[in-house]
Amino acid sequence: MTAVAEAWTALEAEGRREPGWHVRRVHPAAPCEILAGLRRPDDIPGLLLEVPVDQVPPDLALPRSNGFIVETVLLGSGHAGTVRFSLALTDRSYGAVFTVLCEDVADAAAAASTPRLALRNWTGRLHIWQAFMARHGIGGLSDVAVTGLVGELIFLRDELAPRVGLGAAVAMWAGPSGEPNDFALPGGFVEIKATTRQAPELIDIANADQLDDSRGRILLGHVRLRMEGGATLPQLAADVRRQLAGEAPQSLADFEGRLLAAGYLAAHDDLYVRAFRRDRIELFDVTGAFPRLTRAGLEVGIRNCSYTIELAACVPFAVEPTVLDALTARSALG
């Protein structure tokens, strides 16, 4: 049980019913007060952050999402007062996710060196969770999404990391941040598609931007996976996490944030039991007559589209993995 969950359990056991927040301190070494709370009489769990008024940035943006709300109240008066930020559950169906959320944002705040940075870290993580809630809700990833994420992690670990280092490879993983392509390299972009079929014939393209090379050179990477032996999604994420801890520990938080933005939550690990083994990775240069749609080629009035291409039609554009050396060269030299 986590520190936040333990505090909620202890507060419940106290049995106090006075209206308002009943709180217990967590992370006592943090630069500001971080409190697990239980609000009476509606029995709502929450996480509270208390910061001096003069440590609250004027441009602070508070998120609001399915499942949680953030409210503020001034304790005391004037510049000598303290601002309490209350993160509260609004939908009990999100209860399990909310527990993980609270522990995550509490850890982020506790790692800061000042109250101002603690608040920045706290709200920054909440904005990531806001995006997660909007895109993924309370359920786990679909089988298609799991396959796609496994393909991206294998490409990151096996192809990018040996060329630029694991920390830099994580920084190049752009898809979870909402970018058109899965990876943004110094010299171009890589879009990853993963399949588990023995003889895949088709590849789905999500929108008109994915293979539009007007932004720069694009490689389409096809990761062929086998459903025998290998590792599950949680095992693969743990492997990358373990390597990062030894090679680039400063990138661990970044990696966890990108996993979350991609829809992966450790609380759902029991759902991800399928094991994948890399068969091979094929790369295709998206150029010239490569089969694709581009935004400039759409008829007037068409805002967006998704489409399917034949893998066989990509074969003439196949390139060797060494092409990645040139696309990552500037980062490798840096």
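Look up a bit, the structure's there.
Everything numeric in this text was worked out from a predicted model, so none of it was measured.

Focus on the nonpolar core
Next up, step 1: Core analysis: the biggest nonpolar cluster contains 41 residues, and F155, W173, F183 and L233 have the highest contact counts within it.
Next up, step 2: In this view, L233 contacts L141, V146, L149, V150, L153, Y264, Y272 and R274; residues no more than four positions away in its chain are not counted.
Next up, step 3: V26, L49, F68 and A88 belong to the second-largest nonpolar core, a separate cluster that totals 39 residues.

Quick look at the packing of aromatic side chains
Next up, step 1: Within this structure, the stated rule accounts for seven aromatic pairs.
Next up, step 2: Judged by centre distance (5.2 Å) and plane angle (70°), the ring pair of F290 and F317 falls under edge-to-face. With a gap of 27 residues between them, F290 in the loop between β10 (276–286) and β11 (307–310) and F317 in the loop between α8 (311–314) and β12 (318–319) connect regions that are remote in the sequence.
Next up, step 3: The exposure class assigned to F290 is buried, which follows from its relative accessible area of 3%.
Next up, step 4: What makes F317 buried here is its relative accessible area of 19%.
Next up, step 5: A cation sits over an aromatic face here: R215 above F189, 4.5 Å from the ring centre.

Description of the sheet that holds strand β2 (residues 33–40)
Next up, step 1: Taken in spatial order, the five strands line up as β1-β2-β3-β5-β4 in an open sheet, and their pairing is antiparallel. The outermost strands of the open sheet, each flanked by one partner alone, are β1 (20–26) and β4 (68–75). The average angle at which neighbouring strand axes cross in this sheet is 30°, direction not considered.
Next up, step 2: Pairing between β4 and strand β5 (residues 82–89): eight bridges, direction antiparallel. Bridge pairing in β5 links F68 to L89.
Next up, step 3: Sitting on the sheet, helix α1 (residues 3–14) touches β1, β2 and β3 (44–52), and the angle it makes with β2 is about 40°.
Next up, step 4: Across the sheet, helix α3 (residues 115–136) lies against β3, β4 and β5, angled at about 145° from β3, the strand it touches most.

Cut-offs and rules
Residues numbered from 1 in each chain as written. Predicted model: local features only at pLDDT ≥ 70, side-chain atom pairs only at ≥ 80, totals over all residues. Heavy atoms only, no water. Core = buried A, V, L, I, M, F, W, Y, C linked by side-chain atoms within 4.5 Å. Buried < 20%, exposed > 50% of the residue type's maximum accessible area, 1.4 Å probe, protein only. Contact = heavy atoms within 4.5 Å. Phe/Tyr/Trp six-rings, centres within 6.5 Å; stacked < 30°, edge-to-face > 60°. Helix = DSSP H or I, 4+ residues; strand = E, 2+ residues; numbered from the N terminus. Lys NZ or Arg CZ within 6 Å of the ring centre and 35° of its normal. Pairing = 2+ DSSP bridges. Axes fitted to C-alpha atoms, helices over the stretch in contact; angles between N-to-C directions.

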